[in-house]
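Understanding the architecture of this molecule
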Amino acid sequence: MKKLLCGLLFLGMFICTIPAQTESRNGLYYEVTSDLGSEDAALLAREMDLMFEVFNHLFRFDTKTMPGLFKVRAFGSAEAYNNYVISQLGRVREGAIYLHYNRPERRELIVHRADGVSHKLLAHQAFIQFIRGFIPYPPSWMREGFAIFFSTLDYDKEADELTYEENLAWLETVKSWGASAPSIQSVLMADIDGIPDHFQPASWAWVSFLLNNGNEDYMRTLFESFMLLSPRATAAENTRAVMQRMSSWLSSETMKRDYDIYFASRRTFAEFIEEGRAAYAAKEQVRAELFFLGALELRPTHYAPYYYLGLLSYEAKNYDMAEQYYRSALQYGADQALMQYAMGLNALSAGRQEDARFFLRQASEGSPERYKSRVEELLKRIE
């Protein structure tokens, strides 16, 4: 009996050490294998399919030319992920990496599925897998620039849809270069003349310009460039084909002029906020609102634009709108006591005394050193 119990105990310990079973699920364009099980594989396959459709809405590659389903391999632990990547590359690559081989059946995107791993890494590498799945050797600026552009794609599991917030991480850097910026020619010809300094942010800047400058000639030229890409060409050959098309319609002087005008007009999030604050301090409400709305468009999940738009609505005596903005600011991480105090003043001005008492007391309790004396004075007036 004792031996039986020991055997069962040993068996139980052994079972506990067995990792989750690796499962595979197919989507429309991907074959996903995950050691977190079938549910995770199916979820990731769905996310990858949605990203594929976003990418191909722009590039319009013929899906009939796909060599097969794109492969994705997901790991739940950092150790398993790192061990596999090291076995393939000889070194670690954080979060996600696409491994490209001459034989299509060996190509795969490796993903570490864990909280705290940046989703930008997945979206970035997913685009590289996408474009190299159709065009093994695209121009480097196109591969890197669009990978950065699309890296802020994120998946909302509850809504089963992708969200996108324009990636402006490099905007401030690009604007700071001034005359020291790498030339457009050096970026576009990198596969022939060599990779210039600051290549990745410069590639993103060129892609951002082509897609957002508002001139149809650039957009049309870009689409025509996609059509010239050949899956049998080298990166240098694809680069020459694209450059020949671009230069036949757009002179280098015109491109440089339009590019400089575009980036001079692009404000960073911080610039929108600072100019909005300056306009607000000068009591130029209309200009302030435009700046804060500009900031909101760039960063719809940052609390600051909502807070300042709440202040503007409060001063315009639009108290319902002000509270909506304040609540949104709170939702996206604004200081809780500050928002409670602002909502208290707003409710008080709107004649909602019970709400005002509630919000003001919350502010006082949350940060007594800042609000207790002010709240006590206001409550005396109410009572």
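Scoring rules and cut-offs
Within each chain, residues carry numbers counting from 1 in the order of the written sequence. Residues qualify for local features only when their pLDDT is at least 70, as the model is predicted, and side-chain atom pairs are given and counted only at 80 or more; totals for whole chains, interfaces and linings, by contrast, use all residues. Excluding hydrogens and water, the side-chain values take into account all heavy atoms of the structure. We call a residue buried when its accessible area falls under 20% of the maximum for its residue type, exposed when it is over 50%, and partly exposed in between, using a 1.4 Å probe and counting protein chains only. Counting from the N terminus, the helices are DSSP H or I runs at least four residues long and the strands are E runs at least two residues long. At least two DSSP bridges between two strands are needed for those strands to be called paired. Here the expected length of a helix is defined as 1.5 Å per residue gap, with one fewer gap than residues. Directions are taken from the helix axis to each C-beta atom, and the arc is the one they span. Every residue pair with non-hydrogen atoms within 4.5 Å of one another is taken to be in contact. Angles here are taken between N-to-C directions and fall from 0 to 180 degrees, while the axes themselves are lines fitted to C-alpha atoms, restricted in helices to the stretch in contact. Along the chain, pLDDT gives the predictor's confidence residue by residue, from 0 to 100. Here is the rule for angles: anything less than 35 degrees is roughly parallel, anything more than 145 is roughly antiparallel, 65 through 115 is roughly perpendicular, and the remaining ranges are oblique. All amino acids are sorted into three groups, where Ala, Val, Leu, Ile, Met, Phe, Trp, Tyr, Cys and Pro are nonpolar, Asp, Glu, Lys and Arg are charged, and the leftover types, Gly among them, are polar.

1. As for the pairing of strand β5 (residues 108-112)
Remark: a regular strand shows side chains that alternate across the two faces of the sheet. Counting buried residues along β5, 5 of its 5 residues qualify, which places the element largely inside the surrounding structure. What you see with β5 is no split at all: Glu108, Ile110 and His112 on one side and Leu109 and Val111 on the other are buried throughout. Relative to β5, strand β3 (residues 70-75) runs parallel, the two sharing 4 bridges. The residue of β5 that forms the bridge with Arg73 is Ile110.

2. Observations concerning helix α11 (residues 235-249)
The end-to-end C-alpha distance of α11, which contains 15 residues, comes to 22 Å, matching closely the 21 Å that a straight helix rising 1.5 Å per residue would cover. Within α11, burial applies to Ala235, Ala236, Asn238, Thr239, Val242, Met243 and Met246. With its buried residues spanning 155° around the axis, α11 presents them on a single face. In this structure, the buried residues of α11 make contact with α5 (140-149), α7 (184-188), α8 (190-193), α9 (199-212) and α10 (216-228).

3. Observations regarding the sheet that holds strand β1 (residues 23-26)
Reading across the sheet, the 5 strands line up as β1-β2-β3-β5-β4 and stay open at both edges, with mixed pairing between neighbours. Both edges of this open sheet fall to β1 and β4 (96-99), since each of them pairs with a single strand only. Each strand of the sheet is rotated relative to its neighbour by a mean of 20°, with strand direction disregarded. Taken strand by strand, helix α4 (residues 119-134) contacts β2 (30-34), β3, β4 and β5, and its axis lies near 10° from that of β4.

4. Overview of the environment of Lys120
For Lys120, the location among the structural elements is in helix α4. In this structure, the C-alpha to C-alpha distance between Lys120 and Phe150, residues 30 residues apart in sequence, is 8.4 Å. Discounting chain neighbours no more than four positions away, the residues touching Lys120 are Ser151, Thr152 and Asn167.

5. Some details on the confidence of the model for the chain
On average, residues of the chain carry a pLDDT of 91, and 95% of them reach 70 or more. Mean pLDDT values over the elements of the chain span from 42, in helix α1 (residues 2-17), up to 98, in α5.

6. Here we look at the packing of α5 against α9
With their axes 8 Å apart at the nearest point, α5 and α9 run at an angle of 75° to one another. Considering the angle they form, α5 stands roughly perpendicular to α9. Together, Ser140, Trp141, Glu144, Gly145, Phe146, Ile148 and Phe149 of α5 and Phe199, Gln200, Ser203, Trp204, Trp206, Val207, Leu210, Leu211 and Asn212 of α9 make up the contact between the two elements. Looking at the contact of α5 with α9 residue by residue, the classes come out as 10 nonpolar, 5 polar and 1 charged.

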